[in-house]
Amino acid sequence: MTRKSGDASRSTIRDVAARAGVSASTVSRVLGGVYPVSAATRGRVMRAVRDLDYVADARAKAIAGVGTPTLAFVLEDITGPSFAHMAHGVEREATRLGHLCLVCSTEGDVRHELEFVEMMRAQRAAAVILVGGTADTPEYRERTHRMADSLASAGSRLVLCGRPPLDPGAPVTVIEYDNEGGAYTLVAHVLAQGHRRVLFLGGRTDHTTALGRERGYLAAHRARGLTPDPALLLHGDFTRDAGHRLMQQALKDDLDFTAVVAATDMVAAGALTALHEAGLTVPGDVSLAGYDDIPFARDLHPALTTVHVPYEELGRLAVRTALEHTPGAPDEHLLLGTHVVVRDSVGPPAPHQRR
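The structure presented is a predicted model; accordingly, all values stated were derived computationally and were not measured. (Residues numbered from 1 in each chain as written. Predicted model: local features only at pLDDT ≥ 70, side-chain atom pairs only at ≥ 80, totals over all residues. Heavy atoms only, no water.)

1. Remarks on the side chain of Thr258
Then comes step 1: On the secondary structure map, Thr258 appears in the loop between helix H10 (240-252) and strand E8 (259-262).
Then comes step 2: Residue classification places Thr258 among the buried residues on the basis of a relative accessible area of 6%.
Then comes step 3: Side chain to side chain, Thr258 and His195 meet in a polar contact 2.7 Å long. (Helix = DSSP H or I, 4+ residues; strand = E, 2+ residues; numbered from the N terminus. Buried < 20%, exposed > 50% of the residue type's maximum accessible area, 1.4 Å probe, protein only. Polar contact = N/O pair within 3.5 Å; in protein donor to acceptor, adjacent residues only side chain to side chain.)

2. Focus on the packing of helix H8 (residues 179-192) against helix H9 (residues 208-223)
Axes are the key here: two packed helices are described by the angle between their axes and the distance separating the axes.
Then comes step 1: Put simply, H8 and H9 touch, their axes get as near as 7 Å, and they point 40 degrees apart. With respect to H9, the element H8 is oriented oblique. Considering how the two elements wind past one another, H8 and H9 form a crossing that is right-handed. Taken together, the residues of H9 that come into contact with H8 (itself represented by Asn179, Glu180, Ala183, Tyr184, Val187, Ala188 and Leu191) are Thr208, Thr209, Gly212, Arg213, Arg215, Gly216, Tyr217, Ala219, Ala220, His221 and Ala223.
Then comes step 2: Partitioning the contact of H8 with H9 into residue classes produces nine nonpolar, six polar and three charged. (Axes fitted to C-alpha atoms, helices over the stretch in contact; angles between N-to-C directions. Parallel < 35°, antiparallel > 145°, perpendicular 65-115°, else oblique. Left-handed = near helix turned anticlockwise from the far one by under 90°. Contact = heavy atoms within 4.5 Å. Nonpolar A, V, L, I, M, F, W, Y, C, P; charged D, E, K, R; others polar.)

3. Some remarks on helix H3 (residues 39-52)
Think of an α-helix as 3.6 residues a turn; residues three or four steps apart then line up on the same face.
Then comes step 1: Taking 1.5 Å as the rise per residue, H3 with 14 residues should run 20 Å; its terminal C-alpha atoms sit 20 Å apart, in good agreement.
Then comes step 2: Among all positions in H3, only Thr41, Gly43, Val45, Met46, Ala48, Val49 and Leu52 are buried.
Then comes step 3: Two residues or fewer after H3 comes Asp53, characterised by a positive phi angle close to 55 degrees. (Expected span 1.5 Å × (residues − 1).)

4. With respect to the sheet that holds strand E5 (residues 172-177)
Then comes step 1: Taken in spatial order, the six strands line up as E2-E1-E3-E4-E5-E11 in an open sheet, and their pairing is parallel. Single-partner strands in this sheet number two, and they are strand E2 (100-105) and strand E11 (332-336). Averaged over all pairs of adjacent strands, the angle between strand axes in this sheet comes to 15 degrees, irrespective of strand direction.
Then comes step 2: The sheet contact formed by E5 and E11 spans five bridges and is parallel. Bridged to Ile175 within E11 is Leu334.
Then comes step 3: In the packing of helix H6 (residues 110-122) onto the sheet, the strands contacted are strand E1 (70-75), E2 and strand E3 (127-131), and the crossing angle to E2 comes to about 160 degrees. (Pairing = 2+ DSSP bridges.)

5. Things to note about the confidence of the model for the protein chain
Then comes step 1: Mean pLDDT over the protein chain works out to 88, with 90% of the residues at or above the 70 mark.
Then comes step 2: This stretch, residues 1-8, has a pLDDT under 50; its non-local contacts, to residues over four places away or in other chains, come to twelve contacts. (pLDDT = per-residue confidence, 0-100.)

6. Details of the environment of Ala223
Then comes step 1: For Ala223, the position within the fold is in helix H9.
Then comes step 2: Taking relative accessible area as the criterion, Ala223 reaches 53% and is therefore assigned exposed.
Then comes step 3: Sequence-wise, Ala223 and Tyr184 are 39 residues apart; in three dimensions their C-alpha atoms are separated by 9.5 Å.

7. Comments concerning H9
Then comes step 1: Compared with the 22 Å implied by 1.5 Å per residue over 16 residues, the 22 Å span of H9 between its first and last C-alpha is a close match.
Then comes step 2: Among the residues of H9, Thr208, Thr209, Ala210, Gly212, Arg213, Glu214, Gly216, Tyr217, Ala219, Ala220 and His221 are the ones counted as buried.
Then comes step 3: Just downstream of H9, Gly225 is the residue with a positive phi angle, here 75 degrees.

8. What to know about the packing of aromatic side chains
Aromatic rings in a pair are described by how distant their centres are and how their planes are angled relative to each other.
Then comes step 1: Within the structure shown, the criterion is met by two aromatic pairs.
Then comes step 2: With 5.9 Å between their ring centres and 70 degrees between their planes, Tyr177 and Tyr311 make a pair best called edge-to-face. Here the residue Tyr177 occupies a position in strand E5, and Tyr311 occupies one in helix H12 (residues 311-324), the gap between them amounting to 134 residues. In terms of burial, Tyr177 and Tyr311 fall into one category: buried. (Phe/Tyr/Trp six-rings, centres within 6.5 Å; stacked < 30°, edge-to-face > 60°.)

9. Remarks on the pairing of E5
Then comes step 1: Counting buried positions along E5 gives five out of six residues, so the element sits mostly inside the fold.
Then comes step 2: Across four bridges, the pairing between strand E4 (residues 157-161) and E5 is parallel. Its bridge partner being in E5, Cys161 is matched across the sheet by Ile175.

10. Let's talk about the sheet that holds strand E7 (residues 233-235)
Then comes step 1: Read across the sheet, four strands follow the order E7-E6-E8-E9 without closing on themselves; strand pairing throughout is parallel. In this open sheet, the two edge strands, each paired with only one partner strand, are E7 and strand E9 (287-289). Averaged over all pairs of adjacent strands, the angle between strand axes in this sheet comes to 15 degrees, irrespective of strand direction.
Then comes step 2: Bridging between strand E6 (residues 198-202) and E8 involves four bridges; their strand directions are parallel.

Encoded structure:
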């Protein structure tokens, strides 16, 4: 029988072990995440944890020598440079406040994310920080609301960093940056140089971060009374290879454009390589802009005009707000600003291109 959180008798680690058909020490290894355990065993243990609504006893953890307070940083892809900077901010602030920071890369696997969050709840992590855009569906909102409620019941806090907010009343902290506004300002800068045919290399059409940047692109055109050609909106993902492939395709299809706005600096880097391979100069033949302001953007040739996102500060703020949150206090929703960094990759269109 599944125990309810309101029962007088709490489940113990021995109850979990019995339900999973393993030893108590194996349960401890799974929840501790330190020793290697087979995927099948780990799955049985985590199912038992959920069935019994088990939360680790903080006193037992202290006796076991693992009493350092922890928080978790959960993201889809740990190799992304922007997320790496956010993780750096999380780790530095967690260390400053005396917490251990655990990082989980889910590779987009929702089940993996749920299991990791449940493990952090069982370990009484102080906070779980979910990072990055996603598909904003009813299923996402329901699943994330359940996560928030589950963590709150164990005295923990869910933080959504750059993720879609939930419905009012969810026990969650939301920290965002002005994603759409950054794209609007960047495209407005490109249009102000005289460009009217701006190619947009966007991300997935179901990804909230990508959609926000595309909305900014469209809004900047509308503000000038312009209607962008739908053929100039291309979609891929946020990688260098996607930018290279999309740029090659645009050139092969002989699309008419004088400037390119990429959804990320990584996409812009791939596009820049494709332009150079085609014998085109930037910004002489084509202007190019990115988004994120990751460190290598200034080292490209030419240095990349882009949107600065305060990723490290986002990470630090996520930790501070989660650890300083008072249970029962109003939900928090914080927004950080972005700004355009003007470098050398955007200029006016060539005289024969002007309209």
